[in-house]
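Working through the structure, step by step
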Amino acid sequence: KNKASREQVTRYYNGAKLDWKVIAANGDIPRDQYSELSDIMNRPQAGLRFVCINAEAGAGKSTIAWRFVANLIGEKKDALVIHVKASEEPEVWQRLPDFYRELKRPFLVLVDDIFRDPDAANAFIDMPDIQVTILASSRRNEFQSRANRLKCDCIPLELKPPSPQEKENILKKLGKPLGSL
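Residues numbered from 1 in each chain as written. Predicted model: local features only at pLDDT ≥ 70, side-chain atom pairs only at ≥ 80, totals over all residues. Heavy atoms only, no water.

Remarks on the sheet that holds strand β3 (residues 107-111)
As a reminder, the rule being used: By this definition, two strands are paired if DSSP reports at least two bridges between them. A helix here means a DSSP run of H or I that spans at least four residues, while a strand means a run of E at least two residues long, and both kinds are numbered starting from the N terminus. Note on method: axes are straight lines fitted to C-alpha atoms, helices fitted across the in-contact stretch only, with angles between N-to-C directions ranging 0 to 180 degrees. Note on contacts: a residue pair qualifies if any of its non-hydrogen atoms lie within 4.5 Å across the two residues.
One open sheet accounts for 5 strands, arranged β2-β3-β4-β1-β5; its pairing is parallel. Across the chains shown, the open sheet's two edge strands, defined by having one partner strand only, are β2 (81-84) and β5 (153-158). Here the strands of the sheet are splayed against their neighbours by 20 degrees on average, with no regard to which way each runs. In this structure, β2 lies alongside β3, joined through 4 bridges in parallel fashion. In the strand pairing of β3, V84 is matched with V111. Across the sheet, helix α3 (residues 34-41) is in contact with β1 (49-55), β3, β4 (132-139) and β5; its angle to β1 comes to roughly 165 degrees.

Points about α3
To be explicit about the condition: Exposure classes here rest on a 1.4 Å probe applied to the protein chains alone. A residue is buried below 20% of its type maximum, exposed above 50%, and partly exposed in between. The directions from the helix axis to the C-beta atoms are what the arc is built from.
The complete set of buried residues in α3 reads L37, S38, I40 and M41. Along α3, the residues classed as buried sweep out an arc of 160 degrees about the axis, all on the same side. Where α3 is buried, its residues touch β1, α4 (61-75), β3, β4 and β5.

Here it is in structure tokens:
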């Protein structure tokens, strides 16, 4: 009932904004680099860990991150995930340490375009070392200009363009002929 229709999935592939209904409908295609992301995310951590998927706009950064979170929640019912929608608000990062101290357990934060707003990016860069994983997306140029200032464990994942097989899978999902690329 909370899944995207075929028409909504098609709109997504034509440039509409990603939403959870597309993920719930399995409207995304499996990415070749998903296992790489999963391996990174399943490594043990000690303190604040920052995993940043970076690529150009429209490359599928958010989609692969959201898919990972959906699968995590499906596998681990007790997983705690916070989806930050207001990535341009510095207060999110300023208040997160207090939330962690109140909660007293590790959690994952999902955020798109983490470095888009300079004030929010600076607030994130100043985060203290807490047992939290940040799974973020960023345009390559924004990541490169700010990543060297991070004080935490930073694991970049450079998202490659869709492979020929991934492109073929998209066309099949949309019901389009293979020669329509």
